[in-house]
Amino acid sequence: MRWIVGDVQGCARELEDLLRAVDFAPGRDELWAAGDLINRGPHTLETLRLWHDVGGRAVLGNHEVYALAVHAGLWPRKRDTLDDLRRSPDALGWFEQLASLPVLAHLPAPHAEAHDVWLVHAGLHPAWTDLPQTAAQLAAIERSGRWFEHDDISFATRVRGCTRLGSPSRFAGPPDQLREPYRPWDAYYHGPSLIVHGHWAWRGLHRTGNVLGLDSGCVYGKSLTAWCQDEDRLVQVPSRQPA
Ligand SMILES: [Mn+2]
């Protein structure tokens, strides 16, 4: 089975709970994270170790971007919970891994009745209608210097609301409070594949015909959600964080 987990944000205990709840077997099963594995929550380093130990893969989230930018000395440090990662003897190896995460990943349907999936942390630009081409363009961005500030990478890792032409809103709250001309990014998505994303905890678990949002606010005391692509099935475990 292939499982996609929403924003873990350093909630290693809950990730453990979730893997147990779905009877996850490394080798047999596959784990993808929708980005923001790290930061805000209490156990970034343990989250990365657990994710890595079970053969996990992931797309890049804005919190991975933040960690990389601060590590590179390019962005000022804000309040974060990344000390365990920074002080780890294998910190450099972890940063290298985070810096190599794809922005947009194709997860082909494992059988004829299953959804063809594209995984992205935040969302897609309205102009991105040819996803294989978009993925190739995103993958071709050279990762040196301030690569993570590239417009397309910023968009894919941060968008919630945007205009029809793809001008992003800074709004981060509940989607029904977005004001014109901004609409949730997926209002402009009409493709055949299922887009799985995270990043919008205020929206919570969200499902339409071709979009699935998995950030159910674990780090805010709600729950951690995973979705099984093979069986189109959701599993949630409660958060252990204060609400
Ligand atoms: Mn995010």
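Described in the following lines is the structure provided in the data block. (Residues numbered from 1 in each chain as written. Predicted model: local features only at pLDDT ≥ 70, side-chain atom pairs only at ≥ 80, totals over all residues.)

1. Remarks on the overall build of the protein chain
Across its full length, the protein chain holds seven helices and 12 strands. Rg of the C-alpha trace for the protein chain: 17 Å, near the compact-globule value of 18 Å for 243 residues, within the 12% margin. Dimensions of the protein chain, computed from the C-alpha atoms along their principal axes, are close to 45 × 40 × 35 Å. Put simply, of all contacts in the protein chain between residues at least 6 apart along the chain, 67% involve residues at least 24 apart. (Helix = DSSP H or I, 4+ residues; strand = E, 2+ residues; numbered from the N terminus. Rg over C-alpha atoms; globule rule 2.2 N^0.38 Å. Contact = placed C-beta atoms within 7 Å.)

2. Focus on the environment of Tyr182
As for its position among the elements, Tyr182 is in the loop between strand S6 (161-162) and strand S7 (183-184). Separated by 12 residues in sequence, Tyr182 and Arg170 have C-alpha atoms that sit 10.0 Å apart. Not counting residues within four places of it along the chain, the set of residues in contact with Tyr182 comprises Gly161, Cys162, Thr163, Ser169 and Phe171.

3. What to know about helix H7 (residues 151-158)
Every buried residue of H7 is listed here: Ile153, Phe155, Ala156 and Thr157. Summarising the contacts, the buried residues of H7 are in contact with helix H3 (62-71), strand S4 (104-107), strand S5 (117-120) and helix H6 (131-140). (Buried ≥ 20, exposed ≤ 12 C-beta atoms within 10 Å, placed from the backbone.)

4. Digging into the pairing of strand S1 (residues 2-5)
Regular strands have side chains that alternate between both faces of the sheet. For S1 and strand S2 (residues 30-33), the ladder comprises four bridges, and the chain directions are parallel. The residue of S2 that forms the bridge with Ile4 is Trp32. Considered for its hand, the β-α-β crossover made up of S1, helix H1 (residues 12-21) and S2 is right-handed. Across three bridges, S1 lies against strand S11 (residues 223-228) in antiparallel orientation. Bridge assignment links Trp3 to a residue of S11, and that residue is Cys228. (Pairing = 2+ DSSP bridges. Right-handed = clockwise from strand over helix to strand, strands pointing away.)

5. Here's the deal with the sheet that holds S11
Read across the open sheet, the five strands follow the order S3-S2-S1-S11-S12; overall the sheet is mixed. The sheet is open, and its two edges are formed by strand S3 (57-58) and strand S12 (233-238), each paired on a single side. With six bridges connecting them, S11 and S12 associate as antiparallel partners. Its bridge partner being in S12, Ser223 is matched across the sheet by Pro238. Along the sheet face, H1 touches S1, S11 and S12 and points at about 135 degrees away from the line of S12. (Axes fitted to C-alpha atoms, helices over the stretch in contact; angles between N-to-C directions.)

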